Amino acid sequence: MASLSLQHINKTYPNGFEAVKDFNLEIEDKEFIIFVGPSGCGKTTTLRIIAGLIPESKGQILLNGKQITNIPVYKRNFGMVFQSYALFPHLNVFDNVAFGLKMHKVSKDEIKDKVTSILNTTGLYQLKEKYPAQLSGGQQQRVSLARALVTNPQLLLMDEPLSNLDAKLRLKMREEIRNLQQKLKMTVLFVTHDQQECFAISDKVLIMKDGHIEQYDTPQNIFHHPRTEYVARFIGYDNFISINSNERNDDHHILVKNTLLTTKESNSNAKILTIRPENILLDQDNHSENSFLGTITSREYLGQSFKYTITSDLGIFQVEEARAKMRSSGDTVTLTLPAKHLHPLSE
């Protein structure tokens with residue numbers, strides 16, 4: 001099992017590009033951590049530095065309190081699963097999974113026991129004689145996962161492992177991976193660009209931007225309490241209200257364009273207020289706080305709800321409303337921004 005500490009990790013390439021900048025992270029034993037962010041943010045580079053596949057420019061990595069920065073990849077005993085399954089086409093499932101054990105000169109009896117055990121755990125035993133070309137995408141991914149787990153790694157590193165699967169299979173596989181992680185009590189680092197994936201299966205989410213950590217917290221705290229506009233936009237907040245310095249009253253009351261807005265959260269450095277589309281209320285009785293008029297300018301049917309674009313003196317808002325009857329473009333409505341859902345952001 002493994003706890004991991006990354007201390008002041010930097011990665012600068014010869015052309016001067018800084019892919020990772022002063023990266024500091026503490027991961028506890030048995031945690032499932034997801035790195036998420038857009039392409040080019042540094043998440044895969046960070047994972048590869050941890051794996052030992054590329055060297056860091058500065059900083060150190062500690063595994064269970066011991067320095068591993070200069071230990072080569074083949075001595076780190078990390079399991080790795082990547083976007084490409086990288087299975088050997090000429091080997092059947094059993095031999096693909098056994099490959100790493102053979103490289104470590106494990107005895108035939110021990111290989112048989114360990115491979116059989118992990119094939120049973122991953123639901124692959126009945127397919128042990130099949131070859132990769134005879135397997136579905138999900139089955140191939142399970143073989144790749146079994147191969148990474150059979151050596152009992154201290155840490156499991158996964159880089160976009162589900163991106164080649166269709167939506168339904170992707171959902172099934174992420175549940176299987178989470179169940180395996182909890183069953184085997186592994187420490188897992190999982191890279192993805194899919195925000196639904198990261199919130200569904202992780203203990204903690206690390207959102208990256210331009211090589212550094214923008215926010216690192218539980219999925220619940222990030223979802224309900226984003227710290228910056230970047231994080232809020234990334235996880236689906238569409239509505240942003242700018243705060244001018246002369247408009248602030250106190251930490252909980254802000255006068256914006258002659259409309260007094262109240263928040264439950266306190267942030268003396270707030271520059272922006274944000275709220276999710278589904279948390280804005282329309283034409284609610286007895287909701288005078290944080291209420292103002294707007295006009296519907298467009299609408300969209302989402303199946304379970306309707307989405308409206310509404311213009312007001314405070315700006316343009318995206319609002320989702322679950323109700324049987326669609327409102328019409330041109331309608332005047334009262335928007336209410338519940339204080340508990342109105343979050344102040346630092347930047």
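Our subject is the structure that appears above.
Criteria and cut-off values
- Residues numbered from 1 in each chain as written.
- Predicted model: local features only at pLDDT ≥ 70, side-chain atom pairs only at ≥ 80, totals over all residues.
- Heavy atoms only, no water.
- Salt bridge = Lys/Arg side-chain N within 4 Å of Asp/Glu carboxyl O.
- Helix = DSSP H or I, 4+ residues; strand = E, 2+ residues; numbered from the N terminus.
- Buried < 20%, exposed > 50% of the residue type's maximum accessible area, 1.4 Å probe, protein only.
- Pairing = 2+ DSSP bridges.
- Contact = heavy atoms within 4.5 Å.
- Axes fitted to C-alpha atoms, helices over the stretch in contact; angles between N-to-C directions.
- 1 Å grid on protein atoms, 1.4 Å probe; cavity = no way out; pocket = protein on both sides within 12 Å on 5 of 7 lines; lining within 4 Å.
- Points joined across faces, edges and corners; volume = space filled by probe spheres on them.
- Nonpolar A, V, L, I, M, F, W, Y, C, P; charged D, E, K, R; others polar.
- Expected span 1.5 Å × (residues − 1).
- Phe/Tyr/Trp six-rings, centres within 6.5 Å; stacked < 30°, edge-to-face > 60°.
- Lys NZ or Arg CZ within 6 Å of the ring centre and 35° of its normal.

> What is the right way to look at the pattern of salt bridges in this model?
When the charged atoms of two side chains lie near each other, side chains of opposite charge can form a pair. Under the definition given, this model contains 14 salt bridges. For Arg233, the salt bridge identified is with Glu229, shortest N-O distance 2.8 Å. Here the residue Arg233 and the residue Glu229 both occupy positions in helix H8 (residues 229-234), the gap between them amounting to four residues, near one helical turn. Where salt bridges share partners, they join Asp283, Glu321, Arg323 and Arg327 into one cluster.

> How do you make sense of the pairing of strand E3 (residues 32-36) when you look at a structure like this?
Where a strand is regular, its side chains alternate between the two sheet faces. Counting buried positions over the five residues of E3 gives five, a clear majority of the element. Side-chain alternation along E3 places Phe32, Ile34 and Val36 on one buried face and Ile33 and Phe35 on a second face that is also buried. Pairing of E3 with strand E8 (residues 188-192) involves five bridges; the strand directions are parallel. The residue bridging Phe32 from the neighbouring strand is Val188, located in E8. Strand direction decides the pairing type here: E3 and strand E9 (residues 204-209), joined by four bridges, are parallel.

> Can you help me understand the sheet that holds strand E1 (residues 4-12) in this one?
The strands making up a sheet are joined through hydrogen bonds of the backbone, oriented either antiparallel or parallel. The strand order across the open sheet formed by four strands is E2-E1-E4-E5, and the pairing between neighbours is antiparallel. Looking at which strands have only one partner, the edges of the open sheet turn out to be strand E2 (18-27) and strand E5 (66-67). With two bridges joining them, strand E4 (residues 58-63) and E5 adopt antiparallel strand pairing. Within E5, the position partnered with Leu62 by the bridge is Gln67. Against the sheet, helix H1 (residues 43-51) contacts E1, E2 and E4, and its axis sits at roughly 120° relative to E1.

> Help me understand the layout of surface pockets, please; the structure alone is not making it clear to me.
Gaps left between atoms show up when a probe the size of a water molecule is rolled over them. A volume near 620 Å³ is recorded for the largest pocket. Taken together, 20 residues make up the lining of the largest pocket; nearest its centre are Phe78, Met80, Gly100, His104 and Arg147. The dominant element in the lining of the largest pocket, judged by the number of residues it contributes, is strand E6 (residues 78-82), at five residues. Class assignment of the residues belonging to the lining of the largest pocket gives a composition of 12 nonpolar, seven polar and one charged.

> Which parts of the structure should I look at to understand the side chain of Arg142?
Secondary-structure assignment places Arg142 in helix H4 (residues 137-149). Judged by relative accessible area, which is 13%, Arg142 ranks as buried. Once residues lying within four places of it in the same chain are set aside, the contact partners of Arg142 are Thr122, Gly123, Leu124, Met173 and Glu176.

> Where do I start with H4 in this structure?
What sets the pattern is the α-helix's 3.6 residues per turn: residues three or four places apart point alike. Look at H4: 19 Å from first C-alpha to last across 13 residues, which is about the 18 Å you get at 1.5 Å a residue. Among the 13 residues in H4, 11 count as buried, and that is most of the element. Among all positions in H4, only Gly138, Gln140, Gln141, Arg142, Val143, Ser144, Leu145, Ala146, Arg147, Ala148 and Leu149 are buried. The elements touched by buried residues of H4 are E6, helix H2 (93-103), helix H3 (108-121), strand E7 (155-159) and helix H5 (167-184).

> Would you mind going over unusual backbone geometry with me for this structure?
Excluding glycine, a negative phi dihedral is what most residues carry, and trans is how most peptide bonds are arranged. The phi torsion at His8 lies on the positive side, around 55°, for a residue other than glycine. With respect to the secondary-structure elements, His8 resides in strand E1. Unlike most non-glycine residues, Asn77 shows phi in positive territory, near 55°. Assignment of secondary structure puts Asn77 in the loop between E5 and E6. Owing to a relative accessible area of 32%, Asn77 belongs among the partly exposed residues under this scheme.

> Help me understand the packing of aromatic side chains, please; the structure alone is not making it clear to me.
The description of an aromatic ring pair rests on the distance of the ring centres and on the angle between the ring planes. Under the defined criterion, the tally for this structure stands at seven aromatic pairs. Considering the side-chain rings of Phe292 and Phe317, the 5.5 Å spacing of their centres and the 45° angle between planes classify their relative orientation as tilted. Here Phe317 lies in strand E18 (residues 315-321) and Phe292 lies in strand E16 (residues 291-301), a separation of 25 residues in the sequence. A cation over an aromatic ring shows up here: Lys11 above the ring of Tyr13, its NZ or CZ 5.1 Å from the ring centre. Note that Arg276 overlies the ring of Tyr237, its terminal NZ or CZ placed 5.0 Å from the centroid.

> Can you help me understand the sheet that holds strand E20 (residues 343-345) in this one?
The three strands are arranged E11-E14-E20 in an open sheet whose pairing can be described as antiparallel. Strands with a single pairing partner mark the edges of an open sheet, and in this sheet they are strand E11 (239-242) and E20. The mean angle between the axes of side-by-side strands here comes to 30°, regardless of whether they run parallel or antiparallel. Strand direction decides the pairing type here: E11 and strand E14 (residues 272-275), joined by four bridges, are antiparallel. When the sheet's bridge partners are listed, Ser242 is paired in E14 with Ile272.

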